[in-house]
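# Architecture at a glance
The lines below spell out each chain.
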Amino acid sequence: MAQPATAITPTRSENYAEWYQQVVRAADLAENSPVRGCMVIKPWGYAIWEGVQRVLDGMFKDTGHKNAYFPLFIPVSFLEKEAAHVDGFAKECAVVTHHRLQAGPDGKLVPAGELEEPLVVRPTSETIIGATYAKWVQSYRDLPLLINQWANVVRWEMRTRLFLRTAEFLWQEGHTAHATKEEAVEETMKMLGVYAAFAEGWMAMPVIQGRKTDGERFPGAVDTYCIEAMMQDRKALQAGTSHFLGQNFAKASEIQVLDAAGARQFAWTTSWGVSTRLVGAMIMTHADDDGLVLPPRLAPAHVVIIPVIHKPEDADAITKYTQELARALKQQSFDGRPVQVELDTRDMRGGDKAWNWIKKGVPVRVEVGPRDMAQDSVFMARRDRAHKEKVAVKREAFVAGIAALLQEIQDGLFARAAALAKEHTRRVDSKEEFERFFTAPKVAENEPTPIHGGFALAHFCGDPAVEASVKETLGVTVRCIPFDGDNEPGKCVITGLPSKKRVIWAKSY
RNA sequence: CGGGGCGUAGCUCAGCUUGGCUAGAGCGCCUGCUUGGGGAGCAGGAAGUCGUCGGUUCAAAUCCGGCCGCCCCGACCA
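## Considering the layout of surface pockets
Within this model, the largest pocket holds a volume of roughly 1,300 Å³. Around the largest pocket, the lining comprises 46 residues; the ones closest to its centre are Arg 155, Arg 165, Glu 216, Gln 238 and Arg 277. Listing elements by their share of the lining of the largest pocket, those giving two or more residues are helix H4 (83-89), strand E8 (168-178), strand E11 (236-244), strand E14 (268-275), helix H14 (464-474) and strand E24 (477-482). Grouping the amino acids of the lining of the largest pocket by side-chain chemistry returns 15 nonpolar, 16 polar and 15 charged. For the lining of the largest pocket, the two domains that each supply at least three residues are domain 1 (16-72 + 123-286) and domain 3 (425-506). In this structure, the second largest pocket encloses a volume near 790 Å³.

Structure representation (structure tokens):
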């Protein structure tokens, strides 16, 4: 049967949203579950998440944090303690009201044993961790408390998309308590920096660090900081957040210590998190019309070896040759770990196998047949280049150069993503230009909206009502007030009122 | 929660308007042969209580009603 020109249909330019779903499916990352809004993360997708966990966990430990675990269930009364927090999360909480099932009249199971106080399935853990911290600290000498937990959380979303927004998702949430405001602010910034380093260094995803506007701030936080990345459809994706919570939660949960002078003081707290959404971010940053493209530092497999065996009499020799190749590659190290090798001996046609791994995004693919073996070489293709572009490489040189090659691919992916972001980030100084920038070309009613827009660097007066109205009319919000960039004052692109600094406007996920 | 659409084989769907043989196709799956540096060809095969409950009828995938579920567009969101 004739195959389409690309492994994924539709392509990014034809229908970006549908393309995304097809990539997730083709790479076998995840699928929808019997439970509405929840996903099943399949082994290949989970392996990517494990890579994220491995690296970040190491970074958290290096910055002095310890892991712990807090309950999935949170008493409703805990959530009520912080007013802004309630407003932010109440409408998307799953609530547990019963603790038992019993047979109903028609044989079906019905809830019984109503709880005196309903429990919510954690949408985030500030309140329950705050209540625990209150017991743990008495003296300023007990601070700082630097804890992280890897967990699942539930936010009852109406519309979901695999990895990007699901009712249940996996994440880590760091929760720290400090004796002084300065220390807590420093922690908030430090962890934002960790996220930025991870996003850029491992995911090969350029990010902008900045502060959220009042309208976009985490419910209950004093300040929310974030890393924002541009996806290939030029929409922004918030890839990580770090919150300076001030004393809001300390007051709500009574996290108090005696200071050196013997006076009672509320602690200063922070929280910070990234989620399985990062997998979606990685897809939308690097994947192409043939499927997933993995940055080597997070790829579950770096190299896949596909033996090409046509005649049975070649089988033994090629099997031995590829096994030996796999062993030699595994002895090489990349990024401080052994090179991860997949030897694909499945009983499948060669073409099917090759496309299988292309769609899964493995950085380097080698085919080894009798001809290669005879020349003591391998036939190599890299995922960041066209799939037809294959070259014969001497085996020894290939093995010796694998780490450098993987690093080159890693760097190339970052450069490509950075170039895209740069190309579609522009200064906008008039309302007309602003509207033009964010208005999609007209298409027929059932057609998907063409890719357009990007990041607009424009002045903003800071009025939340203005931001809300822009969101209403154009679907555009302030993604962040970036740390970088010049500080020349100007006039708000919408109202003309004075503005201290340009902010980043964009459509977002 | 508002507006629209859809539930038929593992997947994508046709059939329904105008009720009637044993409910179909493509892909996938299994077997065999032919192929063989790219997602193959031929032949054969397995696989569906037509979402569910009820109604109309001699007869329901098809008509009517309730329920359940899913998708898309809004509102909300990491």
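Still more to cover.
## Digging into helix H2 (residues 43-62)
A rise of 1.5 Å per residue sets the reference length of H2, with its 20 residues, at 28 Å; its end C-alpha atoms lie 28 Å apart and thus fit the reference within 8%. Listed in full, the buried residues belonging to H2 are Trp 44, Gly 45, Ala 47, Ile 48, Trp 49, Gly 51, Val 52, Val 55, Leu 56, Asp 57, Met 59 and Phe 60. Once H2 finishes, Gly 64 follows within two positions and takes phi at roughly 90°, a positive value.

## Focus on the confidence of the model for chain A
Looking at chain A as a whole, the pLDDT averages 92, with 97% of positions reaching at least 70. Per the prediction output, this complex has pTM 0.94; the corresponding ipTM is 0.82.

## As for the pairing of strand E27 (residues 502-506)
Counted residue by residue, E27 has five buried out of five residues, so it is predominantly covered. Across the two faces of E27 the burial is the same, with Arg 502, Ile 504 and Ala 506 and Val 503 and Trp 505 all buried. Pairing of E24 with E27, which is carried by three bridges, proceeds in the antiparallel orientation. Opposite Val 478, over in E27, you have Trp 505 as the bridge partner.

## Considering empty space enclosed by the protein
This structure, assessed with the given rule, holds one cavity of 30 Å³ or more. There is about 70 Å³ of room inside the largest cavity. Surrounding the largest cavity, Glu 126, Ile 129, Gly 130, Tyr 133, His 175, Thr 176, Leu 245, Phe 249, Ile 255, Thr 269 and Thr 270 form its lining. Taken together, the elements giving at least two residues each to the lining of the largest cavity come down to helix H5 (126-136), E8 and E14. Sorting elements by how many residues they give to the lining of the largest cavity places H5 first, with four residues. Taken together, the residues that form the lining of the largest cavity break down as five nonpolar, five polar and one charged.

## Topic: helix H1 (residues 16-26)
For H1, the complete set of buried residues consists of Tyr 16, Trp 19, Tyr 20, Gln 22, Val 23 and Val 24. Tucked inside the fold, the buried residues of H1 contact strand E1 (30-32) and helix H8 (277-286). Of the residues flanking the end of H1, it is Asp 28, one or two places downstream, whose phi is positive at about 60°.

## A look at the domain arrangement of chain A
Interface extent is often summarised as the accessible area lost during association of the parts. When its domains are assigned, chain A resolves into domain 1 (16-72 + 123-286), domain 2 (297-408) and domain 3 (425-506). When each unit is reduced to the centre of its C-alpha atoms, the spacing between domain 1 and domain 3 is 26 Å. Taken residue by residue, the interface counts 23 residues in domain 1 and 18 residues in domain 3. With both sides pooled, the region where domain 1 packs onto domain 3 buries about 1,600 Å², and carbon together with sulfur makes up 66% of that total. Of all residues in domain 1, Ile 208, Thr 213 and Arg 234 give up the largest surface area on contact with domain 3, accounting jointly for 32% of the area buried on that side. Where domain 1 packs against domain 3, one counts two salt bridges. Across the pair Arg 479 and Glu 216 runs a salt bridge whose closest N-O atoms are separated by 3.5 Å. Joining domain 1 to domain 3, the criterion identifies six residue pairs in polar contact (both at pLDDT 80 or more). The biggest single contributor to the side of domain 1 that touches domain 3 is strand E10 (residues 223-230), with five residues. Of the residues contributing to the side of domain 1 that touches domain 3, the split by class is nine nonpolar, six polar and eight charged.

## Some points on the side chain of Arg 479
Structurally, the position occupied by Arg 479 is in strand E24. Residue class for Arg 479 comes out buried when judged on its relative accessible area of 4%. In this structure the side chain of Arg 479 is engaged in a polar contact, spanning 3.5 Å, whose partner is the side chain of Glu 216. A distance of 2.6 Å separates polar atoms of two side chains, one belonging to Arg 479 and the other to Thr 477. Setting aside residues no more than four positions away along its own chain, Arg 479 makes contact with Lys 212, Glu 216, Cys 226, Glu 228, Ala 236, Gln 238, Ile 504, Ala 506 and Ser 508.

## Side note on the protein's contact with RNA strand B
Of all residues adjacent to RNA strand B, which total 37 residues, the nearest are Arg 159, Arg 165, Arg 277, Glu 367 and Lys 390. A distance of 3.3 Å separates a base oxygen of RNA strand B from a polar atom in the backbone of Pro 370. Arg 371 places a polar main-chain atom, nitrogen or oxygen, 3.1 Å from a base oxygen of RNA strand B. Secondary structure elements with two or more residues in the surface near RNA strand B: H1, helix H10 (350-360), strand E19 (364-368) and helix H11 (370-374). Broken down by element, the surface near RNA strand B gets its largest block of residues, five residues, from H10. Of the residues in the surface near RNA strand B, the class split is 10 nonpolar, 10 polar and 17 charged.

## Some details on the sheet that holds strand E20 (residues 377-382)
By definition, the strands of a sheet pair up through backbone hydrogen bonds, in either a parallel or an antiparallel sense. Judged by pairing direction, the sheet is mixed, and its five strands sit side by side in the order E18-E15-E19-E20-E21 without closing on themselves. Because the sheet does not close on itself, it has two edges, and the strands there are strand E18 (341-343) and strand E21 (390-394). On average, adjacent strands in this sheet sit at an angle of 25° to one another, irrespective of strand direction. The strands touched by helix H12 (residues 395-423) are strand E15 (303-307), E19, E20 and E21; relative to E20, the strand with the most contacts, the crossing angle is about 10°.

Calculation notes
Residues numbered from 1 in each chain as written. Chains lettered and ligands numbered in written order. Predicted model: local features only at pLDDT ≥ 70, side-chain atom pairs only at ≥ 80, totals over all residues. Heavy atoms only, no water. 1 Å grid on protein atoms, 1.4 Å probe; cavity = no way out; pocket = protein on both sides within 12 Å on 5 of 7 lines; lining within 4 Å. Points joined across faces, edges and corners; volume = space filled by probe spheres on them. Helix = DSSP H or I, 4+ residues; strand = E, 2+ residues; numbered from the N terminus. Nonpolar A, V, L, I, M, F, W, Y, C, P; charged D, E, K, R; others polar. Domains from an automatic or database assignment. Expected span 1.5 Å × (residues − 1). Buried < 20%, exposed > 50% of the residue type's maximum accessible area, 1.4 Å probe, protein only. pLDDT = per-residue confidence, 0-100. Pairing = 2+ DSSP bridges. Contact = heavy atoms within 4.5 Å. Buried area = accessible area lost by both parts, 1.4 Å probe. Salt bridge = Lys/Arg side-chain N within 4 Å of Asp/Glu carboxyl O. Polar contact = N/O pair within 3.5 Å; in protein donor to acceptor, adjacent residues only side chain to side chain. Near = heavy atom within 4 Å. Axes fitted to C-alpha atoms, helices over the stretch in contact; angles between N-to-C directions.

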